[in-house]
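So you can see what is in the structure, the chains are spelled out below.
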Amino acid sequence: MYRVLLVDDEPFAIEGLQLLIDWKKNGFEVESVCGDGEEAARLIRESKPDLVVTDIRMPIMDGLELISQMRLEGHKQTKFVVMSGYSDFEYARRALQLGVSHYLTKPIMSDEADEVLECLNKTLEEETRKQKVVRYTERCAQRRALTALLRGEELSDADQTSIKRISAEAAGWVYMRVAVDESELTSAVEEVEKLLEKGQVEGGAGGCILDQELTSFGMACILRDDSKSAMQDAAELLYKALRGSIRGSLSMVVGSLVKEPEQLGSSYRHAEEAGAYLFYDRRERPLYYDEIKEQGFGYDSHLWEAAEKIIEAVETNDEERIVERLQQIFDHFADKRTMPSLISAFSTHIMVQCSGIYKELGGDADQMLEKTGYPLVGANEHSLMKLHAFLLSFCLMCREELSLCRSRQQGGTIAKVEEYLRQHYCESVTVKEIGEIFYMNPVYLGQAFTRKYGVSIHEYIHQLRMNDAKKLLHNQDISGSALAERLGYCSYQHFLKQFEKRFGMKLAEYKKTIPHLKS
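Criteria and thresholds
Residues numbered from 1 in each chain as written. Predicted model: local features only at pLDDT ≥ 70, side-chain atom pairs only at ≥ 80, totals over all residues. Heavy atoms only, no water. Pairing = 2+ DSSP bridges. Helix = DSSP H or I, 4+ residues; strand = E, 2+ residues; numbered from the N terminus. Axes fitted to C-alpha atoms, helices over the stretch in contact; angles between N-to-C directions. Contact = heavy atoms within 4.5 Å. Core = buried A, V, L, I, M, F, W, Y, C linked by side-chain atoms within 4.5 Å. Buried < 20%, exposed > 50% of the residue type's maximum accessible area, 1.4 Å probe, protein only. Salt bridge = Lys/Arg side-chain N within 4 Å of Asp/Glu carboxyl O. Parallel < 35°, antiparallel > 145°, perpendicular 65-115°, else oblique. Left-handed = near helix turned anticlockwise from the far one by under 90°. Nonpolar A, V, L, I, M, F, W, Y, C, P; charged D, E, K, R; others polar.

S.K.: Would you mind showing me how to read the sheet that holds strand β1 (residues 2-7) here?
M.R.: Whether parallel or antiparallel, the strands of a sheet pair through hydrogen bonds between backbone atoms. Spatial strand order, β2-β1-β3-β4-β5: 5 strands in an open sheet with parallel pairing. Of all the strands in the sheet, the pair left with one neighbour each is β2 (28-34) and β5 (102-105). If you compare each strand with its neighbour and ignore which way they point, the axes differ by 25° on average. Contacting β1, β2, β3 (51-55) and β4 (79-84), helix α2 (residues 37-47) crosses the sheet at an angle of about 135° to β2. The strands touched by helix α5 (residues 110-151) are β1, β2, β3, β4 and β5; relative to β5, the strand with the most contacts, the crossing angle is about 160°.

If you want it as structure tokens, here you go:
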């Protein structure tokens, strides 16, 4: 809908215009009304309506004086329709000189008004389309020129012209970078583009998005005020708008404030430096380069020794030591603020070495890595806490896979029985049935299994079931009876007895501890 201002010193005339004309049908809505030219001038300056319908004869400032004043002040986009009860040619001639193409005589006829509004609607639509094309072309030129500045490339004549045009409104420049979840990148970009294009960033004249990746994008913001408070106001406004439009994770880093566009590359580099600190400092507000420029990351030459100890614990199937040593080293990283790139190399080294051991034992290392994923892909996921959790999960899974590989390599029927149990532990199986499957005496089978694994077949099945019970309880809202049935227990009471025996508490009590364990 195009916005309309009605101007007439006769209240009944205003009321008649509102009731007589079907504004909505023609794509218009009356936004405001007033009774004299001076008040109309103030409203035009404030709200910039698309159309002003004004009487000619009014006190203080008449309609033609209003139009003349607005044109002098640069309000060239607003359309004017004049109306009067006087059919004087002099009024029409002066209106044409001021660029008024439509003239209505009182009393207003609805058919005549509809014809005028239909014509104006088409004119406004065409102008809007042309303006969009011009704005798009200008923004493409700005983006190209600013990107060249970031990269330190030589500017063409067209680029220099674009920079001069932007600089006319700029007192300061700053580069900012935003990281979000991949699924919400499009929404975030659209929200920022909308604010920057309208120049609605507080204290800013706008800006544009320059570089976009899978989970992040950068932008050059133009500030009318070269103060740090103006920069922070702009960043906070952008962050607040983004936080209101997306649900997932969000981070923003802000480079240094510079006064010349040629210095934008420096602001970009400083934003990248600040971004590295998000590895330790995930916050619900922008992170400014000024906050971290005096800080530094630590270098630890002993982390490779720690990595070898963790690899050794994985290889020797020592779960307790894996957990303990990973906790120690990541606590050390947090305390010393070790360089993130070193921690990434440390984690990658452990993964590569453990995968190599698994491959030597006949395992498919690529398949194992596909199961766990790759933690260092995606800047928004790159944090100390998430990396610790991922590496722990990988090491524990690798420990289990190495143990299975060794069991298979030892050969013999007992290793095959153990593998069978892992695949069928939720089914109702007896030692006799297993003996028949593997052509073994049930008594001998039970004794051989206990010698190899330290527990009886029945106890081993209970262990597998209880491990599965723990995972299900942590990941699903499942009732005890459903859990017992899913794990293969014929009796709910038997399941409860086995659960309490192994966890030292009743099922209901254990469920209450789950939220605490997760946190």
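S.K.: Mind showing me how you'd approach the nonpolar core here?
M.R.: Inside soluble globular proteins, nonpolar side chains tend to come together where they are buried. Counting 35 residues, the largest nonpolar core has F330, F333, F346, I350, F394 and C395 as its most contacted members. Among the secondary structure elements, those contributing two or more residues to this core are α11 (303-315), α12 (319-336), α13 (340-360), α14 (365-372) and α15 (384-410). The element that contributes the greatest number of residues to this core is α15, accounting for 10 residues. Once you skip the residues sitting within four places of it in the chain, F330 turns out to touch I343, F346, S347, L384, L387, H388 and L391.

S.K.: I would appreciate a short explanation of the pattern of salt bridges in the present structure.
M.R.: Two side chains of opposite charge can pair, provided their charged atoms sit close to one another. If you walk through the whole model with that rule in mind, you get 28 salt bridges. With its nearest N and O atoms 2.8 Å apart, the salt bridge here joins R42 to E46. Of this pair, R42 and E46 both sit in helix α2, 4 residues apart, roughly one helical turn. Accessibility expressed as a relative area gives 34% for R42, which makes it partly exposed. For the salt bridge of E126 with K130, the shortest nitrogen-to-oxygen distance reads 4.0 Å. Separated by 4 residues within a single helix, E126 and K130 lie in helix α5, roughly one turn from each other. A relative accessible area of 33% means that E126 is categorised as partly exposed. A single network of salt bridges, built from pairs that share partners, joins R3, E31 and D50.

S.K.: I tried to follow the packing of α11 against α13 on my own but got confused; where do I start?
M.R.: Look at α11 against α13: their axes get within 10 Å of each other, and the N-to-C directions meet at 30°. As summarised for this structure, α11 and α13 are arranged roughly parallel, according to the angle between their axes. The element α11 and its partner α13 pack so that their crossing is right-handed. Between α11, through L303, W304, A306, A307, E308, I310, I311, V314 and E315, and α13, the contact on the second element is made entirely by L342, A345, F346, H349, I350, Q353, C354 and I357.

S.K.: When you look at the packing of helix α19 (residues 457-475) against helix α21 (residues 492-503) in this model, what are you seeing that I'm missing?
M.R.: In contact at an axis separation of 11 Å, α19 and α21 are set at 85° when each is read in the N-to-C sense. Between α19 and α21, the interaxial angle falls into the category roughly perpendicular. Packed against α19, whose contacting residues are E459, H462, Q463, M466, K470 and L473, the element α21 presents H494, F495, Q498, F499, K501, R502 and F503 at the interface. Here the residues of the contact of α19 with α21 sort into 5 nonpolar, 4 polar and 4 charged.

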